[in-house]
Amino acid sequence: MKKEISALLLHQPTESQRVLKQALEGRSIKVNWLRSCREALPLLRDADPPHLIFTEASLPDGTWSDIVKLALEALKPVKVIVVSRLIDVRLYVETMAGGAFDFIVPPMSSDELAHVLACAIDSVLNLRQTQAMAVAA
């Protein structure tokens, strides 16, 4: 049986975020859409946190960096993808150096999104499998 992949969107409602949500759901990814670090905290502290988080750079009660820190504290590996409204090289470098898995700027083509998802899902599933084997040993 194939493992269900889950994603968390941490964004204010916008058209590009609705398109991203639909694209994820179209790939059979279970999506929760929240707006703040505080709302995300219970999901990240859960025994089975989301596999992926798509977050805005700035949230009402924190930043992408706060989300990366929360993801690192999760019981299982979580990959954070920062979604920016604009191409910002400085922010890109900061997020990648700060532990984000990727940095994207909508709109993305279907192929571009598929590539980002494939890489992120492969990475997080491998990390979770390695973690489970280490616990079992």
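Thresholds applied
Residues numbered from 1 in each chain as written. Predicted model: local features only at pLDDT ≥ 70, side-chain atom pairs only at ≥ 80, totals over all residues. Heavy atoms only, no water. Buried < 20%, exposed > 50% of the residue type's maximum accessible area, 1.4 Å probe, protein only. Helix = DSSP H or I, 4+ residues; strand = E, 2+ residues; numbered from the N terminus. Arc of directions from axis to C-beta. Core = buried A, V, L, I, M, F, W, Y, C linked by side-chain atoms within 4.5 Å. Contact = heavy atoms within 4.5 Å. Salt bridge = Lys/Arg side-chain N within 4 Å of Asp/Glu carboxyl O. Expected span 1.5 Å × (residues − 1). Pairing = 2+ DSSP bridges. Axes fitted to C-alpha atoms, helices over the stretch in contact; angles between N-to-C directions.

Caption draft 1: Quick peek at helix α3 (residues 64-73). For α3, the full list of buried residues reads W64, I67, V68, L70 and A71. With its buried residues spanning 165 degrees around the axis, α3 presents them on a single face. Residues of α3 that are exposed and point over 90 degrees away from its buried face: L72 and E73.

Caption draft 2: Highlighting the nonpolar core. The biggest cluster of nonpolar side chains holds 21 residues, and the ones touching the most others in it are L10, I53 and I67. When residues in this core are grouped by element, the largest group, five residues, is from α3. Setting aside residues up to four positions removed in sequence, L10 forms contacts with L34, R35, S36, A40, I53, F54, T55, E56, L59 and I67. Formed by 18 residues, the second largest nonpolar core is a distinct cluster that contains L9, I29, I104 and L117.

Caption draft 3: Just the side chain of T95, in detail. Counting through the fold element by element, T95 comes out in helix α4 (residues 89-97). Look past the residues within four positions of T95 in its chain and what remains in contact with it is W64, V82, A100 and F103.

Caption draft 4: How the structure looks around the pattern of salt bridges. Within the structure shown, the criterion is met by six salt bridges. When the shortest N-O distance is used, the salt bridge between R85 and E56 registers 3.7 Å. Separated by 29 residues along the polypeptide, R85 in the loop between β6 (79-83) and α4 and E56 in strand β3 (residues 52-56) bring together distant segments of the chain. According to the relative accessible area criterion, E56 is buried, its value standing at 7%. Look at the salt bridges and you will find they share partners, linking D48, K76 and R128 into a network.

Caption draft 5: Structural view of helix α1 (residues 15-26). Its 12 residues place the ends of α1 16 Å apart at the C-alpha level, agreeing with the 16 Å of an ideal helix rising 1.5 Å per residue. Of the positions making up α1, those classed as buried are Q17, L20 and L24. Down the axis of α1, the buried set is contained in an arc of 55 degrees. They therefore lie on one face. The exposed set on the far side of α1, more than 90 degrees from its buried face, consists of E15, Q22 and G26. The inward-facing, buried residues of α1 contact β1 (6-10), β2 (30-34), β3, β6 and α5 (110-136).

Caption draft 6: Examining the sheet that holds β2 more closely. The strand order β2-β1-β3-β6-β7 describes an open sheet built from five strands, whose pairing is parallel. Edge positions in the open sheet fall to β2 and β7 (102-104), since each of these has one partner strand only. Strand-to-strand, the axes of this sheet are offset by a mean angle of 20 degrees, without reference to chain direction. Inspection of the sheet shows β1 paired to β2 by five bridges, in the parallel sense. Note that in β2 the partner of A7 across the bridge is V31. α5 rests against β3, β6 and β7 of the sheet, and its axis sits at about 155 degrees to β6.

Caption draft 7: Highlighting the environment of P13. Residue placement: P13 occurs in the loop between β1 and α1. Counting along the chain gives 124 residues from P13 to A137, while the straight-line C-alpha distance between them is 44 Å. Here P13 is in contact with R18, W33 and R35, once residues within four sequence places are set aside.

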